[in-house]
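# Structure assessment
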Amino acid sequence: MVGDTDDDRSMRRQGSSGHRTVPHTADVRIEAWGVSRESCLAEAATGLVDCFADLSTARPTAVERVRLAENDDDDLLAALLEEVVYRLEVHGQVPVDVEAESDEEGLEVRLTVTGLSDVEITGAVPKGVSWHGLHMGPDPYGWSCTAIVDV
């Protein structure tokens with residue numbers, strides 16, 4: 001990640017994937033990392049959910065599959081995060097688990113979901129993803145990404 005600190009690098013060495021949220025003015029900044037592009041994308045989507053919901057007692061009620069067209073990495077990150085926001089707003093679904101797999105046609109994403117009413121809301125529900133500060137790419141530890149989410 002741009003501007004890694006010693007704490008950031010230590011955190012990255014301790015695990016192969018993860019995410020964190022950082023307050024950003026009136027928004028939330030999501031930082032995610034993984035050993036592969038797909039694990040990084042899944043962590044970013046999970047980080048988006050973690051910024052507003054406690055999933056510790058959530059039980060999945062359905063599995064949804066989404067195919068995202070192969071684009072550049074930043075576009076793919078934005079498309080996945082926007083899909084999570086869309087499912088929140090339109091279907092009232094919250095991903096409990098996210099898995100992503102690439103193939104020749106693009107990115108296949110498996111979202112294990114539950115109802116928005118079945119999770120504890122701990123913050124402002126996201127309204128969209130900003131293109132400002134959006135970045136995804138390889139780094140010395142695998143892959144990392146950042147996104148600013150409008151709340």
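Here's what I pulled together on the structure shown here. None of the values given here were measured: they were computed from a predicted structure.

On to the overall build of the chain, then. A count of helical and extended segments in the chain gives three helices and nine strands. What you see in the chain, going N to C, is helices and strands ordered as α-β-β-α-β-β-α-β-β-β-β-β. The proportion of buried residues among the 151 residues of the chain is 45%. Counted over contacts in the chain with a minimum sequence separation of 6, partners at least 24 positions apart contribute 65%. Of the roughly 7,400 Å² of accessible surface on the chain, 48% is carried by carbon and sulfur atoms.

Looking now at helix α2 (residues 37-50). Look at α2: 20 Å from first C-alpha to last across 14 residues, which is about the 20 Å you get at 1.5 Å a residue. Within α2, eleven of the 14 residues are buried, which leaves the element mostly enclosed by the surrounding structure. What α2 keeps buried is the set Arg37, Glu38, Cys40, Leu41, Ala42, Glu43, Ala44, Ala45, Gly47, Leu48 and Val49.

This part covers the pattern of salt bridges. Taken as a whole, this structure holds eleven salt bridges when the rule is applied. A salt bridge links Glu38 to Arg37; its shortest N-O distance comes to 3.9 Å. Accessibility assignment for this pair places Glu38 and Arg37 in one class, buried. Of the charged contacts in the structure, one is a salt bridge between Arg110 and Glu99, with a shortest N-O distance of 2.9 Å. Of the two residues, Arg110 sits in strand β6 (residues 106-115) while Glu99 sits in strand β5 (residues 93-103), which places them eleven residues apart along the sequence.

When you line up the elements, Val125 lands in the loop between β7 (120-121) and β8 (128-139). Overall, Val125 belongs to the partly exposed group, its relative accessible area being 29%. Residues Val125 and Phe52 lie 73 residues apart in sequence; the distance between their C-alpha atoms is 5.6 Å. Contact partners of Val125, with chain neighbours within four places excluded, come to Phe52, Leu88 and Val151.

Now for the sheet that holds β5. In space, the three strands of this open sheet follow the order β4-β6-β5, with antiparallel pairing throughout. Edge strands, defined here as strands with exactly one partner in the open sheet, are β4 (62-69) and β5. Adjacent strand axes in the sheet meet at a mean angle of 20°, parallel and antiparallel pairs treated alike. Note that β4 and β6 share eight bridges and pair antiparallel. What sits directly across from Arg67, in β6, is Glu108. Each of β5 and β6 is contacted by α2, which is oriented at about 165° to β5, the strand it contacts most. Running at roughly 140° to β4, helix α3 (residues 73-91) makes contact with β4, β5 and β6 of the sheet.

The rules behind these values
Residues numbered from 1 in each chain as written. Predicted model: local features only at pLDDT ≥ 70, side-chain atom pairs only at ≥ 80, totals over all residues. Heavy atoms only, no water. Helix = DSSP H or I, 4+ residues; strand = E, 2+ residues; numbered from the N terminus. Buried < 20%, exposed > 50% of the residue type's maximum accessible area, 1.4 Å probe, protein only. Contact = heavy atoms within 4.5 Å. Areas by Shrake-Rupley, 256 points an atom, 1.4 Å probe, with all protein chains shown as cover. Expected span 1.5 Å × (residues − 1). Salt bridge = Lys/Arg side-chain N within 4 Å of Asp/Glu carboxyl O. Pairing = 2+ DSSP bridges. Axes fitted to C-alpha atoms, helices over the stretch in contact; angles between N-to-C directions.

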